[in-house]
Amino acid sequence: MAYNKSNALSANIKAIETAMRLRISGEKPSQEEKDLMTCFSGFGGIKDVLKIGTDNPMSDETSAQLQKLQRIIAEYPGFSDDTMYSNAIDSIKASVLTAFYTPKFIIEAIANEIHSLFRKHSLTMRSFLEPSAGTGGFLPVAMDGTATYAIEKDPVTGLVLSMLHDDANVTIDGYETISGQDLPHKSFDVIASNIPFGNFSVFDADLWKRGGIFDKATKTIHNYFFVKSMELLNEGGLLVFITSRGVADTPGNKFVREYLVSHADLITALRLPDNLFMETGGIEVGSDLLIFQKH
């Protein structure tokens, strides 16, 4: 089914409303409510959210939907003061550049292969992490009995994530804060995600102190996610990322490629079709699936 911006915005608003109501009531979500929240697809394909708080023209339908989005965020107790409301809106706007969710069939294929690998070798997946989790699309990669962790920076998306996956340890904050979080696991057997891409820097005190390529990786968010995650993997652990083709192709990313192959074996490098995200985000973009096993 083709991506429809209006339908996606409407589904996102319903999912956010449902998550807010559940958080306020303290109730467990029903299957119907989970189905509603699963329809949340982020704001990557909805550039109209950038017009919030401006006088830029938009259709009456879009204007009404964005007004409703602003209203439910303003009325939610967790975003009640001006600072928290502004942070929530700004975070939604920032996600327009990076929030493109992976189709379910890709994740299912990855999960099936990894589960088969662990069972074939009688291995136990003790801990799993999805950074930049969105609504937890990659959480099915975790096996039964695995301690599961998810990190999502956007507070609105994180709210949906926490209500949809109440069995996971959810952190609503930046990936750079993980060492300061009180998590039972400090390293992980598998880390999997569809990571953000772009020339956005991240201040990570742990990597900054180490200098060299660790500090250099923080200058672009995609390189940061690779280096940060490799450092958090247990020996023999798997790193599974969907990322822009620029990680493999761009000359300026050579240093991170050299870092990766010096710390891990490349298991899979799969060039994905340009239209992979058309259904979930209405965008054509070049992306790769990269899987490494840490030495």
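In short, a report on the structure. (Residues numbered from 1 in each chain as written. Predicted model: local features only at pLDDT ≥ 70, side-chain atom pairs only at ≥ 80, totals over all residues. Heavy atoms only, no water.)

1. Overview of helix 1 (residues 5–25)
Along its 21 residues, helix 1 runs 30 Å from first to last C-alpha, staying within 8% of the 30 Å computed at 1.5 Å per residue. What helix 1 keeps buried is the set S6, A8, L9, N12, I13, A15, I16, T18, A19, M20 and L22. On its buried side, helix 1 packs onto helix 2 (31–38), helix 3 (60–75) and helix 6 (155–164). Just past helix 1, the residue G26 takes up positive phi, approximately 75 degrees. (Helix = DSSP H or I, 4+ residues; strand = E, 2+ residues; numbered from the N terminus. Expected span 1.5 Å × (residues − 1). Buried < 20%, exposed > 50% of the residue type's maximum accessible area, 1.4 Å probe, protein only. Contact = heavy atoms within 4.5 Å.)

2. Brief notes about the sheet that holds strand 1 (residues 127–130)
Strand order in this open sheet of seven strands is 3-2-1-4-5-7-6, and the pairing throughout is mixed. With one partner strand each, in any of the chains shown, strand 3 (169–172) and strand 6 (264–272) form the two edges of the open sheet. On average, adjacent strands in this sheet sit at an angle of 10 degrees to one another, irrespective of strand direction. Pairing of strand 2 (residues 147–152) with strand 3 involves four bridges; the strand directions are parallel. (Pairing = 2+ DSSP bridges. Axes fitted to C-alpha atoms, helices over the stretch in contact; angles between N-to-C directions.)

3. Thoughts on the environment of E27
Checked against the element boundaries, E27 lands in the loop between helix 1 and helix 2. For E27, a relative accessible area of 46% translates into the label partly exposed. Sequence separation between E27 and M163 is 136 residues; the distance between their C-alpha atoms is 9.5 Å.

4. Focus on the pairing of strand 5 (residues 233–244)
Of all the twelve residues making up strand 5, ten are buried; the element is thus mostly covered by neighbouring parts of the structure. Note: strand 4 (residues 188–194) against strand 5, six bridges, orientation parallel. By the bridge assignment for strand 5, F188 is matched with L233. Here seven bridges tie strand 5 to strand 7 (residues 287–294), and the two strands are oriented antiparallel to one another. Of the residues in strand 7, the one forming a bridge with F241 is L290.

5. Thoughts on the packing of aromatic side chains
To describe a pair of aromatic rings, one takes the distance between the centres and the angle between the planes. Enumeration over the complete set of coordinates arrives at nine aromatic pairs. Seen in terms of ring centroids, Y175 and Y224 are 6.1 Å apart; in terms of plane orientation they differ by 80 degrees. Their pairing is edge-to-face. In this pair, Y175 sits in the loop between strand 3 and strand 4 while Y224 sits in helix 9 (residues 221–232), placing the two residues 49 residues apart along the sequence. Accessibility assignment for this pair places Y175 and Y224 in one class, buried. Where Y175 meets F225, the ring centres are 5.0 Å apart and the plane angle is 40 degrees; that geometry is what we call tilted. With Y175 in the loop between strand 3 and strand 4 and F225 in helix 9, the pair connects residues that are 50 residues apart, well separated along the chain. Owing to a relative accessible area of 4%, Y175 belongs among the buried residues under this scheme. Residue classification places F225 among the buried positions, given a relative accessible area of 6%. Connected via pairs of aromatic rings, a cluster forms that spans Y175, Y224 and F225. One residue, R210, lies across the ring of F214, its end atom 3.8 Å from the ring centre. Residue placement shows K216 over the ring face of F255; its charged tip is 4.4 Å from the ring centre. (Phe/Tyr/Trp six-rings, centres within 6.5 Å; stacked < 30°, edge-to-face > 60°. Lys NZ or Arg CZ within 6 Å of the ring centre and 35° of its normal.)

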